[in-house]
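Observations on the model geometry
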Amino acid sequence: MPHLLSIIVNAFLVIVIIWFVVLIISLFTLSRRRDITIPVKIFWSAVIFFAPVAGLIFYLIYGYGKKIHKP
């Protein structure tokens, strides 16, 4: 049983590290985007910060890479 517990803890740590790296990359790319306004950046940052898992998933699905084409 202790061996199983260490495997679970290690897997959890790997998942947390991967999530943290993706979080940092998302916040960095969000801050560098020029196609969205500052209020929208603040909104996405707040969503990612206050709802880490769901916010990050929503940003990656709906916010990342969506460019607004102005006529």
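Below or above, wherever it landed, is the structure these notes cover. Bear in mind the structure is a predicted one, so any value in this text is a computation, not a measurement. (Residues numbered from 1 in each chain as written. Predicted model: local features only at pLDDT ≥ 70, side-chain atom pairs only at ≥ 80, totals over all residues. Heavy atoms only, no water.)

With respect to a nonpolar patch on the surface
Judged by side-chain polarity, Leu-5, Val-9, Phe-12, Leu-13 and Val-16 come together as a nonpolar surface patch covering roughly 460 Å² of accessible area. Among the secondary structure elements, Leu-13 is positioned in helix H1 (residues 2-32). (Patch = residues over 30% accessible without salt bridge, like charges linked within 9 Å, V, L, I, M, F, W, Y side chains within 5 Å. Areas by Shrake-Rupley, 256 points an atom, 1.4 Å probe, with all protein chains shown as cover. Salt bridge = Lys/Arg side-chain N within 4 Å of Asp/Glu carboxyl O. Helix = DSSP H or I, 4+ residues; strand = E, 2+ residues; numbered from the N terminus.)

Description of the packing of helix H2 (residues 38-50) against helix H3 (residues 52-63)
In contact at an axis separation of 5 Å, H2 and H3 are set at 140° when each is read in the N-to-C sense. As summarised for this structure, H2 and H3 are arranged oblique, according to the angle between their axes. Counted together, Trp-44, Val-47, Ile-48, Phe-49 and Phe-50 of H2 and Pro-52, Gly-55, Leu-56, Phe-58, Tyr-59, Tyr-62 and Gly-63 of H3 form the full contact between these two elements. Residues that form the contact of H2 with H3 fall into these classes: ten nonpolar, two polar and no charged. (Axes fitted to C-alpha atoms, helices over the stretch in contact; angles between N-to-C directions. Parallel < 35°, antiparallel > 145°, perpendicular 65-115°, else oblique. Contact = heavy atoms within 4.5 Å. Nonpolar A, V, L, I, M, F, W, Y, C, P; charged D, E, K, R; others polar.)

With respect to the side chain of Ser-26
Its place among the elements puts Ser-26 in helix H1. Leaving out residues up to four positions away in the same chain, Ser-26 has contacts with Leu-56, Tyr-59 and Leu-60.

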